[in-house]
Amino acid sequence: RQNQLRYRYGIILNALGAQRPDLYPLARSQFQAVLTYVASSPGLPFEHSAARVRSAIAHTYHQQSALENNPNKRAAMLRNAYQLYASAIDQLREEEDWQNLAITSFNIGQVCEWQGNLEEAIQWLEQAVALDRRHGFPDLAEDQAYLTALRDLVNPEQPVGNTAI
């Protein structure tokens, strides 16, 4: 029960972080305590897997990085987010937690974009869109639009006209 409350409290702190960035580390500490509990008690049932908790920790770094002005700190936060999201992917797939896999794939794609790695971002977003489509998730149109915008950045269409080359 205590860890369920910690998880929910972490979610609330993370949501408030956009207005109060000092809350992100507090959210991370809540999630880290839950992750420690989940890892130390593999036989006990808990509503969230270790993968989902790692993804929640990653999200705190991801969100906080958007507010960070120091480029070195921002890069470190994005690296942490990437590593944590990536560490959750295989377990989410094994658990067939399709919605959280789609969300995590989208988020890691956005992290890649923010890091300047558009090709990898597109690969992750393609996975998110495929999962959205396959499982009927409501954010398909939004995710598809983001994917299309990134593809256009990588391969801009050349204007067609009557000018001679």
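Note: the structure precedes this text.
It should be emphasised that the depicted structure is a prediction, and the values quoted were computed from it without experimental measurement. (Residues numbered from 1 in each chain as written. Predicted model: local features only at pLDDT ≥ 70, side-chain atom pairs only at ≥ 80, totals over all residues. Heavy atoms only, no water.)

Engineer: So what's going on with unusual backbone geometry? Which residues, and what values?
Structural biologist: Positive phi, normally seen in glycine, also occurs at Glu 96, with a value near 55°. Position of Glu 96 relative to the elements: it lies in the loop between helix H4 (71–94) and helix H5 (98–114). You can call Glu 96 exposed: its relative accessible area is 54%. (Helix = DSSP H or I, 4+ residues; strand = E, 2+ residues; numbered from the N terminus. Buried < 20%, exposed > 50% of the residue type's maximum accessible area, 1.4 Å probe, protein only.)

Engineer: Give a description of the nonpolar core that names residues and reports values.
Structural biologist: Counting residues in each nonpolar core, the largest one holds 39 residues, and the members touching the most others are Tyr 7, Phe 31, Val 53, Ile 57, Tyr 85, Leu 125 and Leu 150. If you list the elements that add at least two residues to this core, you get helix H1 (2–16), helix H2 (23–40), helix H3 (50–65), H4, H5, helix H6 (118–135) and helix H7 (140–154). Sequence-distant contacts of Tyr 7, defined by excluding residues within four places in its chain, comprise Phe 31, Val 34, His 48, Arg 52, Val 53 and Ala 56. (Core = buried A, V, L, I, M, F, W, Y, C linked by side-chain atoms within 4.5 Å. Contact = heavy atoms within 4.5 Å.)

Engineer: Before we move on, could you go through the side chain of Thr 104 and cite the residues and values that matter?
Structural biologist: Summarising the element assignment, Thr 104 is placed in helix H5. Thr 104 gets classed as buried once you look at its relative accessible area, which sits at 1%. Setting aside its immediate chain neighbours within four residues, Thr 104 contacts Ser 55, Tyr 85, Ile 89 and Leu 92.

Engineer: Before we move on, could you go through the packing of H5 against H7 and cite the residues and values that matter?
Structural biologist: Two numbers describe how H5 lies on H7: the axes approach to 12 Å, and their chain directions differ by 25°. Considered as vectors, H5 and H7 are oriented roughly parallel to each other. H5 and H7 meet at a crossing whose hand is left-handed. Residues Phe 106, Gln 110 and Glu 113 of H5 form the contact with H7, whose participating residues are Asp 143, Tyr 146 and Leu 150. Of the residues assigned to the contact of H5 with H7, the class counts are three nonpolar, one polar and two charged. (Axes fitted to C-alpha atoms, helices over the stretch in contact; angles between N-to-C directions. Parallel < 35°, antiparallel > 145°, perpendicular 65-115°, else oblique. Left-handed = near helix turned anticlockwise from the far one by under 90°. Nonpolar A, V, L, I, M, F, W, Y, C, P; charged D, E, K, R; others polar.)

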